Amino acid sequence: QLQLVESGGGLVQAGGSLRLSCAASGSIFIGTMGWYRQAPGKQRELVASITRSGKTEYGDSAKGRFTISRDNAKNTVNLQMNSLKPEDTAVYYCNTGVPWPNTWGQGTQVTVSS
C-alpha cells in the first residue's frame, strides 16, 4: 500500500546540478528515508539517508556533493545533487527501508554527460 513517486531526474552536463524529489503515500508513518541508485552494470546502492529527526548519512560518492532533506509533514524526501559526474548516471530511487529496502517506486533517470 505504500507508494513512492520519484521525480526531478533528467539530462545534465558534468558539473551541473539536479534536485530529486520523492513523495511517499499510503502509510501512516514514514521513518528513515533514503535515496538509492542503480547504474548500468552495477548493483543498486544506498546514496544517502535521513531519519525523521534529520540525522543524515551519505555514501562516499555523495559526501560533499549531495544533500538529502525531508519534510515530515508532507512525507517527502529530496536529494540535491551538485557537481555531478558522468559516474552519477543511474536510475535513482527513494525508499523507506534503510538499509533493507521494501517497496520501490518507478525511479527517476539521471544522466550526466561529459
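What counts and how
- Residues numbered from 1 in each chain as written.
- Predicted model: local features only at pLDDT ≥ 70, side-chain atom pairs only at ≥ 80, totals over all residues.
- Heavy atoms only, no water.
- Helix = DSSP H or I, 4+ residues; strand = E, 2+ residues; numbered from the N terminus.
- Rg over C-alpha atoms; globule rule 2.2 N^0.38 Å.
- Buried < 20%, exposed > 50% of the residue type's maximum accessible area, 1.4 Å probe, protein only.
- Contact = heavy atoms within 4.5 Å.
- Lys, Arg positive; Asp, Glu negative; His and termini not counted.
- Charge placed at Lys NZ, Arg CZ, Asp CG, Glu CD.
- Core = buried A, V, L, I, M, F, W, Y, C linked by side-chain atoms within 4.5 Å.

J.: Please provide a residue-by-residue account of the overall build of the chain, values included.
T.: When helices and strands are counted, the chain shows 0 helices and 10 strands. Ordered by position from the N terminus, the helices and strands of the chain form the series β-β-β-β-β-β-β-β-β-β. Against the compact-globule benchmark of 13 Å for 114 residues, the chain has a radius of gyration of 13 Å, which places it among compact chains. If you line up the chain on its principal axes, its C-alpha atoms span 40 × 25 × 20 Å. With 114 residues in all, the chain has 41% of them scored as buried. Taking all contacts inside the chain whose residues are at least 6 apart in sequence as the whole, residues at least 24 apart take part in 53%. Positive and negative side-chain charges in the chain, numbering 11 and 7 respectively, have mean positions lying 4 Å apart.

J.: How would you summarise the nonpolar core if you had to cite specific residues and measurements?
T.: The biggest cluster of nonpolar side chains holds 26 residues, and the ones touching the most others in it are Trp35, Phe66, Val77, Leu79, Met81 and Tyr92. It is strand β3 (residues 18–25) that contributes the most residues to this core, 4 residues altogether. Excluding its chain neighbours within four sequence positions, the residues that come into contact with Leu79 are Leu18, Arg19, Leu20, Trp35, Val47, Ala48, Phe66, Thr67, Ile68 and Tyr92.

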